[in-house]
Amino acid sequence: MIASVVARPTANPSSPADEYIPLRLNDRERALLCVLEGALSVSEYTDRVDSVMAWRGARTGRAVEELQEMLAYMTGLAVAASLKVSHEPCLEANADVFREAFEVGRRFKGMNPDKMRASYGKLIYMLQDATAPDVIRELGFDPLSRVQTVHAELALLSCLDLLEEPELPLAASPAHSAEAADAKAAATARLLARFADGDAERAVRLERCLLSLADHACLVEAHVSPVDTMLRLLRTHFSPASTSVGPGGAASASLQITAGRGGARLSHSHASQYAYVEQSLLLWRAVLAQLPRMWALAEKDLLSGGYRLRDTGQGRHRVQSAPNVGQLMSEVLRRLQAEQGGGWVGSSAVHLGDDDVPNALVWVDKYSQVPRILGPIAHAVSQSTLDSLAAKPGVRGYIVSAFGSAEACRLAVLADFFKHGFDGSGADNFFDAGSCIDGRLTSAWHFCARLSKKPYYPLFQMSGFVGFDGAFGRR
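Just so you know, the residues in each chain are numbered from 1, in the order the chain's sequence is written. Totals for whole chains, interfaces and linings use all residues, but because this is a predicted model, local features are given only for residues with pLDDT of at least 70 and pairs of side-chain atoms are given and counted only at 80 or more. Here the side-chain values reflect all heavy atoms present in the structure, with hydrogen atoms and water set aside.

Colleague: Pulling in residues and values, what's your account of the overall build of the protein chain?
Modeller: Secondary structure summary: the protein chain contains 22 helices and 4 strands in total. What you see for the protein chain is a C-alpha radius of gyration of 25 Å, in line with the 23 Å of a compact globule of 475 residues. Across its three principal axes, the protein chain shows a C-alpha extent of roughly 75 × 60 × 50 Å. Burial status follows relative accessibility: with a 1.4 Å probe on protein chains alone, a residue under 20% of its type maximum counts as buried, one over 50% as exposed, and anything between as partly exposed. Across the 475 residues in the protein chain, those meeting the buried criterion constitute 52%. Looking at charge distribution, the protein chain has the averaged site of its 49 positive side-chain charges lying 6 Å from that of its 53 negative ones. Helix and strand labels come from DSSP, where a helix needs a run of H or I of at least four residues and a strand needs a run of E of at least two; each type is numbered from the N terminus. Note that the radius of gyration is over C-alpha atoms, with the globule rule given as 2.2 Å times the number of residues to the power 0.38. Note that His is not counted, nor are the chain ends; the positive residues are Lys and Arg, and the negative ones are Asp and Glu. Just so you know, the charge point we use is NZ for Lys, CZ for Arg, CG for Asp and CD for Glu.

Rendered as structure tokens:
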């Protein structure tokens, strides 16, 4: 399915209109998370269930067998963790524990996109199969439950009015200084005194909601700030219409690209490429500003229907339509295009449920990696990094001989990224490449893959760069 498809972020991350913000884990839930992650680390579910041989045989039976093995692992780990579980031989006796553990894993991933990178896909594919009627019948219970949210918890406490409080943005905002932290703590104390009514247990639950809103604000800021930094660098060092900007002179400041040169598959004038890059960054920012909704809709699509196992040219994938994600992208893109006044550059096609983006899991993974792409580049060309490197005589000599100056070095890196990180490259063929919504991220990742071949790569190494994958494999 290809849908035409994002929006500026909401001014207040804890807007009452946002019912998707997940609730922070408590101590028991963290113990359950350890149980779940331990079981997932030893399970070979997708290797066995998504194999060609499994599809040719009794696949449902194989799925049930692997699920029962996974649940047995979880039971053993829960006992070892001193959690209350039934010791009856039937798995249905611990259905509530399994259901809660799966919900905790899904909620934790939505709050921490950088975590569970090796196990979340296994979990969601497992649940995708476990919700099939014939599998539920074999297991004896439905493993799904609604993800707990701040909105739902406040509704249980009859405190939805708290979301309208003028002091809420202060109590739920990131604190970047001691003064801000003190003001935040004071605002939190006032809100708790007003809504807890002297009930200690109620105060604990309300504080958990406020902390969850603060977690969400920090998460969105961490994902959006690298995009904001790149937008600022683009607008500071390049002009929308002119190429005579920057210490590198007209030629080095030009963003013009031509198909067939330097690996580019698009041809854009300087003005068109500037607009294309700016619009792509605004698009990424708009999607990332809605992280909780993004994860919730992706899971809704993944857990709501069937799929086909198919070789997409990028390996064997579960190909599945994603109508909820498609609707989100349609809303955001429509809003963004309206803001651009009809000057949209490139294609508006969004690939979902096809060989390029097989399902919503691939889609949400691509967008959650945007900060890992932009963060290292922004760090390498930051004023503090270049000043620190230029203060070292040997490095300063390299910068001057290779680029002329620190400013010229920054401009060279930025110009190359804004040209070849957005040039339509990265796909296996010309049909899949180009300026579509998905292709913009594909080009950026292709640029990352070629970074070690760039003449300025030593600068990245000296700035502490080790890769774009972050702490992959670490909890």
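Colleague: Tell me about the environment of glutamate 331, residues and numbers included.
Modeller: Along the chain, the position of glutamate 331 falls in helix α15 (residues 323–339). The exposure class of glutamate 331 is buried, given its relative accessible area of 19%. The spacing of glutamate 331 and valine 466 is 135 residues in sequence and 37 Å in space, taken between C-alpha atoms.

Colleague: An account of empty space enclosed by the protein is needed here, citing residue identities and associated values.
Modeller: The gaps of empty space that remain are located by a probe, the size of a water molecule, rolled over the atoms. Buriedness for pockets is judged along seven lines, at least five of which must meet protein on both sides within 12 Å for an open set on the 1 Å grid over protein atoms alone, while cavities are sets there where a 1.4 Å probe fits but cannot get out, and lining residues have an atom within 4 Å of a point. Grid points are joined across faces, edges and corners, and a volume is the space filled by probe spheres set on the points. Quantified by volume, the largest cavity comes out at close to 60 Å³. Along the walls of the largest cavity sit Met329, Val350, His351, Val357, Trp363, Lys366, Tyr367, Ile437 and Asp438, which together make up its complete lining. Where the lining of the largest cavity is concerned, the elements lending two or more residues are β4 (349–351), α16 (360–368) and α21 (437–449). By residue number, the principal contributor to the lining of the largest cavity is α16, which donates 3 residues.

Colleague: Please give an account of the nonpolar core that cites residues and values.
Modeller: Counting 121 residues, the largest nonpolar core has Met74, Met230, Trp284, Trp363, Tyr367 and Phe418 as the members making the most contacts within it. With 11 residues, the top contributor of residues to this core is helix α13 (residues 270–288). Residues belong to a common nonpolar core when they are buried Ala, Val, Leu, Ile, Met, Phe, Trp, Tyr or Cys residues joined through side-chain atoms within 4.5 Å. In this structure, Ile21, Leu163, Ala171 and Leu191 belong to the second largest nonpolar core, which totals 20 residues.

Colleague: So, helix α10 (residues 178–195): which residues are in play, and what are the values?
Modeller: Here the expected span of a helix is defined as 1.5 Å times the quantity of residues minus one. The first and last C-alpha atoms of α10 sit 26 Å apart over 18 residues, in line with the 26 Å expected at 1.5 Å per residue. Among the residues of α10, Lys184, Ala187, Thr188, Leu191, Leu192 and Phe195 are the ones counted as buried. In a view along the axis of α10, the buried residues occupy a sector of 135°, so they form one face of it. Projecting away from the buried face of α10 at angles above 90 degrees are the exposed residues Ala178, Glu179, Asp182 and Ala193. Where α10 is buried, its residues touch α9 (168–171) and α11 (200–237). Once α10 finishes, aspartate 197 follows within two positions and takes phi at roughly 55°, a positive value. Directions from the helix axis toward the C-beta atoms define the arc. Every residue pair with non-hydrogen atoms within 4.5 Å of one another is taken to be in contact.

Colleague: Could you give an account of the packing of helix α14 (residues 291–302) against α16, with specific residues and numbers?
Modeller: The contact between α14 and α16 brings their axes to 8 Å, and the two run at 160°. By the angle class used here, α14 and α16 are roughly antiparallel. Considering only the axes of α14 and α16, their crossing is left-handed. Taken together, the residues of α16 that come into contact with α14 (itself represented by Met294, Trp295, Ala298, Asp301 and Leu302) are Ala360, Leu361, Trp363, Val364, Tyr367 and Ser368. Grouping the amino acids of the contact of α14 with α16 by side-chain chemistry returns 9 nonpolar, 1 polar and 1 charged. Helix axes are fitted only over the stretch in contact, all axes being lines through C-alpha atoms; the angle between N-to-C directions runs from 0 to 180 degrees. Comment on the angle field: the value is read as roughly parallel under 35 degrees, roughly antiparallel over 145, roughly perpendicular from 65 to 115, and oblique elsewhere. What makes a crossing left-handed is the near helix being turned counterclockwise from the far one by less than a right angle; a clockwise turn instead makes it right-handed. Classification used: nonpolar for Ala, Val, Leu, Ile, Met, Phe, Trp, Tyr, Cys and Pro, charged for Asp, Glu, Lys and Arg, polar for all others including Gly.

Colleague: Can you break down the side chain of serine 443 residue by residue, with the values?
Modeller: In this structure, serine 443 sits in helix α21. Here glycine 424 takes part through its backbone nitrogen, which lies 3.0 Å from a polar atom of the side chain of serine 443. Residues in contact with serine 443, not counting those within four places in the same chain, are His420, Gly421, Phe422, Asp423, Gly424 and Ser425. Each polar contact in these results corresponds to two N or O atoms within 3.5 Å; when the atoms are within protein, one needs to be able to donate a hydrogen and the other to accept it, and residues that are neighboring in sequence are counted only if both atoms are side-chain atoms.

Colleague: Quick rundown of the side chain of arginine 107? Include the residues and the values.
Modeller: Along the chain, arginine 107 falls in helix α5 (residues 95–111). Note on arginine 107: relative accessible area 1%, which makes it buried. Among residues more than four places away in sequence, those in contact with arginine 107 are Pro22, Leu23, Arg24, Leu25, Glu29, Val147, Gln148 and Arg208.

Colleague: A description of the environment of glycine 315 should follow, citing residues and the corresponding values.
Modeller: Looking at where glycine 315 falls in the secondary structure, it is placed in the loop between β2 (308–311) and β3 (316–319). Between the C-alpha atom of glycine 315 and that of aspartate 355, which follows or precedes it by 40 residues, the distance is 9.9 Å.

Colleague: Requested: an account of the packing of aromatic side chains, with residues and values cited.
Modeller: The pairing test for Phe, Tyr and Trp rings, Trp by its six-membered ring, is centres within 6.5 Å, and the orientation test on the planes gives stacked under 30 degrees, edge-to-face over 60, and tilted for anything in between. A complete count under the given rule lists 14 aromatic pairs for this structure. Judged by centre distance (6.0 Å) and plane angle (25°), the ring pair of phenylalanine 98 and phenylalanine 141 falls under stacked. Placement of the pair is phenylalanine 98 in helix α5 and phenylalanine 141 in the loop between α7 (133–139) and α8 (150–156), with a sequence separation of 43 residues. Judged by relative accessible area, phenylalanine 141 falls into the buried class, the value being 7%. A centroid spacing of 6.0 Å and a plane angle of 35° characterise the contact between tyrosine 456 and phenylalanine 460, whose relative ring orientation is tilted. There is no split in this pair, since tyrosine 456 and phenylalanine 460 are both buried. Among the aromatic residues, those joined into a ring-pair cluster are Phe238, Trp284, Phe417, Phe418, Phe422 and Phe447.

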